[in-house]
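# Fold and contact review
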Amino acid sequence: MYVLPDLRNLKLMTNHFIEIEHLSGARNYEPLPVVLTRGEGVYVWDDAGNRYIDMMSAYSAVSHGHCHPRLVKVLQEQAAKLTIVSRAFYTDKLGIFLNQVCKLTGFDKALPMNTGAEAVETALKAARKWAYTVKKVANDKAEIIACEGNFHGRTIAIVGMSTIPQYREGFGPFPPGLKIIPYGNADELEKAITPNTAAFLVEPIKGEGGIIIPPAGYLKACAEICKKHNVLMICDEIQTGLGRTGKLLACQHDNIHPDAIVLGKALGGGLLPVSLFLAREEVMAVFTPGDHGSTFGGNPLAAAVGKAALDVLIEENLIERAASIGNYFQEQLRSIDSPLIKDVRGKGLLIGLEIDPDYPARDICIRLLKHGVLTKETHKTVIRFAPPLIITKEQIDVAITALRACA
Ligand code: IF1
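Residues numbered from 1 in each chain as written. Predicted model: local features only at pLDDT ≥ 70, side-chain atom pairs only at ≥ 80, totals over all residues. Heavy atoms only, no water.

Around the ligand sit 16 residues in total, of which Tyr29, Arg154, Glu208, Asp236 and Arg384 are the nearest. Protein chains shield 87% of the accessible area of the ligand, which is 590 Å² for the free molecule. Comparing atom positions with the cavity grids shows the ligand to sit within the largest pocket. Taken together, the residues of the shell around the ligand break down into 5 nonpolar, 5 polar and 6 charged. Residue contributions to the shell around the ligand reach at least three from each of two domains, namely domain 1 (10-61 + 339-406) and domain 2 (69-315). (Near = heavy atom within 4 Å. Areas by Shrake-Rupley, 256 points an atom, 1.4 Å probe, with all protein chains shown as cover. 1 Å grid on protein atoms, 1.4 Å probe; cavity = no way out; pocket = protein on both sides within 12 Å on 5 of 7 lines; lining within 4 Å. Sits in = over half its atoms within 2 Å of the grid points. Nonpolar A, V, L, I, M, F, W, Y, C, P; charged D, E, K, R; others polar. Domains from an automatic or database assignment.)

For the rest of this paragraph, the subject is the domain arrangement of the protein. Each assigned domain of the protein is listed here: domain 1 (10-61 + 339-406) and domain 2 (69-315). Spacing between the C-alpha centres of domain 1 and domain 2 amounts to 27 Å. On the side of domain 2, 24 residues touch domain 1, which itself brings 21 residues to the contact. Here domain 1 and domain 2 share an interface that buries about 1700 Å² over both sides, 59% of which is from carbon and sulfur atoms. Considering only the side of domain 1, the residues that lose the most area to domain 2 are Lys347, Leu350 and His379, jointly responsible for 35% of the buried surface there. (Contact = heavy atoms within 4.5 Å. Buried area = accessible area lost by both parts, 1.4 Å probe.)

On the secondary structure map, Ala199 appears in strand S7 (residues 197-202). Sequence-wise, Ala199 and Ile144 are 55 residues apart; in three dimensions their C-alpha atoms are separated by 5.0 Å. Each residue touching Ala199, except ones within four places of it in the same chain, is listed here: Ala127, Glu143, Ile144, Ile145, Val231, Leu232 and Ile234. (Helix = DSSP H or I, 4+ residues; strand = E, 2+ residues; numbered from the N terminus.)

Inspection of every chain in the model, using the stated rule, returns 19 salt bridges. With its nearest N and O atoms 2.7 Å apart, the salt bridge here joins Arg70 to Glu315. Of this pair, Arg70 sits in helix H3 (residues 69-79) while Glu315 sits in helix H11 (residues 300-315), and the two are 245 residues apart along the sequence. Of the charged contacts, one joins Asp291 and Lys129 as a salt bridge, the two residues approaching to 2.6 Å between their closest N and O atoms. Taken together, the residues span a long stretch of sequence, with Asp291 in the loop between helix H10 (281-284) and H11 and Lys129 in helix H5 (residues 116-133) at a distance of 162 residues. One salt-bridge network, in which partners are shared between bridges, spans Asp259, Arg280 and Glu282. (Salt bridge = Lys/Arg side-chain N within 4 Å of Asp/Glu carboxyl O.)

So, in structure tokens, the structure goes:
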């Protein structure tokens, strides 16, 4: 049995922490060789005291910046007061949070969960039960349509909709009734709909799929097709929502109001997991007491932090910042003259840099790390630039200078 050396007198060495993690941790990730110890605003520090601009924001979970003082204060105060009581009892925090988020997003009802995948599973269960009890689809025949290259989480049912071989291999068999269509073409949706179709689940912008923006009007056309065929349209706004693309919800770029959405990531203020399934009344009404739940879902600690995260989003104008600073960031990225950069795409502060496929994007991420900028490639050729929404133009200029030196 490996005896861990006494950390107190050990020089904080990166490889030491990496070794410990490799010793005991599953290898389900291949992180960059950096050991982070502290975060504040757009910055994180490693164990040698080097400072980095965080261009990942934990995949958009840290939109408010690391350890936002106001959010940490709410967390600390609530953590010292009441944290987890289960949903067997009411609390003084949950109703206020759900009422606030329904008013903000325009949905009738919200069901609190913890991770994004749990909120997506909740959406799948609601869609199926709505199909059987409202649309009168024959029992166990409900179909749900998703898009090629989607990412909605890592559960068995959700990866049953994935088209990424690595996300599916070795995890079958998968539930039936899940259909895949190409992303970005509304005609393909209409062709895939049958009388048994319960719902269409779609990301307004494909995140993991490489920051892919669908043609303007795509979501609107899909919403009209769903309405025409009495199919629920559910937008996965876990990564694109809460201001990330320059609007509260990314589906608002197409002026649509879907039947339901899922939120997560930044809803927890970069402090803890908070997610929600939001829907119009008729859809949420399918859940009766005992149908669905979660030990931690809707706990007062998460509700207090979730409410504060929404307050900060609005009061610090983070949505408008994402739009204006995001445009500036994209302009600066487009001004970089490098044969390696094939495309710059994104909305607000969800930006992807398409790199020449002959050049491993990970190498550029490693070089950026050495220049004080932290990010990661997605799908080998796209570098993600999704900083906290509090980032300033000056901080973007520093990142651009670093990228000029690396690309
Ligand atoms: C990983 C990226 C992947 C999501 C959307 C639901 C979920 C996610 C649109 C599930 C989660 C995370 C998961 C993380 C990497 C990251 C990610 F797109 F953000 F880059 F994988 F695609 N819907 N995305 O993006 O939420 O259960 O994780 O809270 O799994 O490696 P979760």
